[in-house]
Amino acid sequence: MNSRDTSVDKEGNSVTSSVQALILVGGKGTRLRPLTLSAPKPMLPTAGTPFLTHLLSRIREAGITDVVLGTSYQAHVFSDHYGDGSDLGLNLTYVTESEPLGTGGGIRNVYDELTADTVLVFNGDVLGGTDIRDVLSTHERSGAEVTLHLVRVGDPRAFGCVPTDADGRVTAFLEKTQDPPTNQINAGTYVFDRKVIGEIPAGRPVSVEREVFPSLLAQGRHIQAHVDDAYWRDMGTPEDFVRGSADLVRGIAPSPALAKPCGESLSLDGADVASDAVLIGGTVVGRGARVGSGARLDGAVIFDGASVEAGAVVERSIVGFGATVGAHALVRDTVIGDGAQVGARCELLRGARVWPGVQIPESGIRFSTDV
Ligand code: GTP
């Protein structure tokens, strides 16, 4: 790649026109069901804005304005919300797969829309703190055809583990191995020379992690790693979604979309929170949501229009749009679907998922025998 073509726009922000971004947002988000029945995962609210807005703001902050969204599942939700992207200072276009083509197929599917020689590809469900410009610089310096962002994590077993040599070249791709040789994992951000995207098989599902990268390595092609310890979280599961949302509120996860960290909790416009309710652990109370007297919310994500009644306790859980948690209920490590009603004194624990619209009567589910 040639050195980047950078100019300054009328607001004084730098713009890198030789780089385009592609964000993959076409997945069904099955692990976050039932929340993803009504909205695609990147559009679920985190700290008052769709999750994807945090990533789009980071891309804009790095001076990249041309962004393609690779959509499939509920594609219209993205275009209805973002339109042409001008509100975020972006030029957004959409390419939709009628059937999901997987991560590699989704990248190949936008090939005809790409004009820049360098393409930054993002998984649309990653909350990250890495400076995107540093990843691009690594790509530029090394002369690689593909550069992968890797992060070092405590336990790499649940992720794609990526060993590198002394020069930072990727040597292997080990998906979810029990015996990882390194703690460097695939962070879901890639820089591609555009011509490499044209080599991905077209018209069929392809996984970039399981097929494209291993095949490039088998051909002896140069894949470089950009390794760091920046904030990183894949928001794919309820546990990670709750943690990521809380980290945004508390300023642990940086986002240019948030003016400033909010502290222990964030109550959005029109939220009605009783003065003696306790909101801690990065809790978010959505627009028009209600929290009753004496309720205790710790690391809770309360979507717009939901209601937590007096004396209820909600910990590390998500309460969907318009759902209700009844008085003195206990909700811990649980996902409550949109419009569901959890009766007073229910106890929902340890990974419970309440489907949208379901009504659980008073004391209808409990984990204890006292009444
Ligand atoms: P799960 O079903 O819970 O695994 O979630 P997911 O469907 O989002 O899959 P995964 O978390 O592996 O996807 C990583 C990123 O790639 C997400 O941002 C997805 O939206 C995106 N993605 C996954 N599959 C496809 C696809 O077939 N096409 C496109 N365009 N994007 C995809």
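Basis of the calculations
- Residues numbered from 1 in each chain as written.
- Predicted model: local features only at pLDDT ≥ 70, side-chain atom pairs only at ≥ 80, totals over all residues.
- Heavy atoms only, no water.
- Pairing = 2+ DSSP bridges.
- Helix = DSSP H or I, 4+ residues; strand = E, 2+ residues; numbered from the N terminus.
- Near = heavy atom within 4 Å.
- Polar contact = N/O pair within 3.5 Å; in protein donor to acceptor, adjacent residues only side chain to side chain.
- Areas by Shrake-Rupley, 256 points an atom, 1.4 Å probe, with all protein chains shown as cover.
- 1 Å grid on protein atoms, 1.4 Å probe; cavity = no way out; pocket = protein on both sides within 12 Å on 5 of 7 lines; lining within 4 Å.
- Sits in = over half its atoms within 2 Å of the grid points.
- Nonpolar A, V, L, I, M, F, W, Y, C, P; charged D, E, K, R; others polar.
- Domains from an automatic or database assignment.
- Contact = heavy atoms within 4.5 Å.
- Buried area = accessible area lost by both parts, 1.4 Å probe.
- Salt bridge = Lys/Arg side-chain N within 4 Å of Asp/Glu carboxyl O.
- Points joined across faces, edges and corners; volume = space filled by probe spheres on them.
- UniProt positions renumbered as here; feature names shortened; annotations may be inferred.
- Phe/Tyr/Trp six-rings, centres within 6.5 Å; stacked < 30°, edge-to-face > 60°.
- Buried < 20%, exposed > 50% of the residue type's maximum accessible area, 1.4 Å probe, protein only.

> Would you mind going over the sheet that holds strand β29 (residues 341-342) with me for this structure?
Strands belonging to one sheet form pairs held by backbone hydrogen bonds; the direction of such a pair is parallel or antiparallel. Taken together, six strands build an open sheet; the order of strands is β17-β20-β23-β26-β29-β32 and the sheet is parallel. Two strands in the sheet have a free side with no partner beyond their single neighbour: β17 (272-273) and β32 (359-360). With two bridges connecting them, strand β23 (residues 307-308) and strand β26 (residues 324-325) associate as parallel partners. Counted as the bridge partner of S307 is T324 from β26.

> Explain the sheet that holds strand β27 (residues 330-332) to me, please; I cannot follow it from the model alone.
The five strands lie next to each other as β18-β21-β24-β27-β30, forming an open sheet whose pairing is parallel. Taken across any chain shown, the strands that pair with only one partner, and hence form the sheet edges, are β18 (278-280) and β30 (347-348). Looking at chain direction, β18 and strand β21 (residues 296-298) are connected through three bridges and run parallel. Residue pairing in the sheet places I280 in a bridge with D298 of β21.

> Would you explain the site of the ligand in this entry?
Taken together, 18 residues lie around the ligand, and L24, T30, R31, E97 and G102 are the ones closest in. Residue G26 places a main-chain N or O atom 3.0 Å away from a nitrogen atom belonging to the ligand. Between the ligand and the protein, one listed contact pairs a nitrogen atom with a backbone N or O atom of G70 at 3.0 Å. With the chains in place, 83% of the 610 Å² that the ligand exposes on its own is no longer accessible. Among the cavities detected, the one that contains the ligand is the largest pocket. Residues belonging to the shell around the ligand are distributed by class as follows: four nonpolar, nine polar and five charged.

> Explain the domain arrangement of the chain to me, please; I cannot follow it from the model alone.
Looking at the chain, the domain boundaries give domain 1 (6-239) and domain 2 (264-360). Taking only C-alpha atoms into account, the centre of domain 1 sits 32 Å from that of domain 2. Taken together, the contact pairs twelve residues of domain 1 with 17 residues of domain 2. Together, P34, L35 and P45 form the three largest contributors to the area buried by domain 1 at its contact with domain 2, with a combined 45%. Taken together, the connections running from domain 1 to domain 2 amount to zero salt bridges.

> What should I look at first to understand empty space enclosed by the protein in this one?
With a probe scaled to a water molecule rolled over the atoms, the places where space remains empty come into view. Counted according to the given criterion, the structure contains two cavities of 30 Å³ or more. Here the largest cavity defines a volume of roughly 70 Å³. In this structure, the largest cavity is lined by 13 residues; those nearest its centre are R58, G128, T130, H149 and T189. Counting only elements with at least two residues in the lining of the largest cavity, the list comes to β9 (126-128), α5 (132-142) and β13 (184-193). Its residues assigned to classes, the lining of the largest cavity shows seven nonpolar, five polar and one charged.

> Which parts of the structure should I look at to understand the layout of surface pockets?
The computed volume of the largest pocket comes to approximately 1,100 Å³. Taken together, 40 residues make up the lining of the largest pocket; nearest its centre are R31, T103, N123, D125 and E209. Elements with a minimum of two residues in the lining of the largest pocket: α4 (102-109), β13, α7 (208-218) and β15 (232-234). Counting residues per element, the lining of the largest pocket draws most heavily on β13, which supplies four residues. Across the lining of the largest pocket, the residue classes tally to eleven nonpolar, 17 polar and twelve charged. Considered as a void within the structure, the second largest pocket measures approximately 160 Å³ in volume. What lines the second largest pocket is simply P238, E239, V242, R243, R316, D333, T334, V335, G351, A352 and R353.

> Could you clarify how one ought to interpret the UniProt feature "domain: Nucleotidyl transferase" (unreviewed entry) in the chain in this entry?
In this structure's numbering, the residues bearing the UniProt feature "domain: Nucleotidyl transferase" (unreviewed entry) are residues 21-248. With 30% helix and 26% strand, residues 21-248 has end C-alpha atoms that lie 23 Å from one another.

> I keep staring at the packing of aromatic side chains and nothing clicks. Help me out?
The geometry of an aromatic ring pair is captured by two quantities: the separation of the ring centres and the angle between the planes. Tallied over the entire structure, the rule returns six aromatic pairs. When the ring of F173 is compared with that of F213, the centres are 5.1 Å apart and the planes differ by 20 degrees; the resulting orientation is stacked. On the criterion of sequence distance, the pair formed by F173 in the loop between β11 (160-161) and β12 (174-175) and F213 in helix α7 is long-range, its members being 40 residues apart. Per residue, the accessibility class of F173 equals that of F213, and both read buried. When the centroid spacing of 6.0 Å and the interplanar angle of 20 degrees are considered together, the rings of F192 and F213 count as stacked. Within this pair, whereas F192 is found in strand β13, its partner F213 is found in helix α7, the two being separated by 21 residues in sequence. According to the relative accessible area criterion, F213 is buried, its value standing at 0%. Aromatic rings pair up to connect F173, Y190, F192 and F213 into one cluster.

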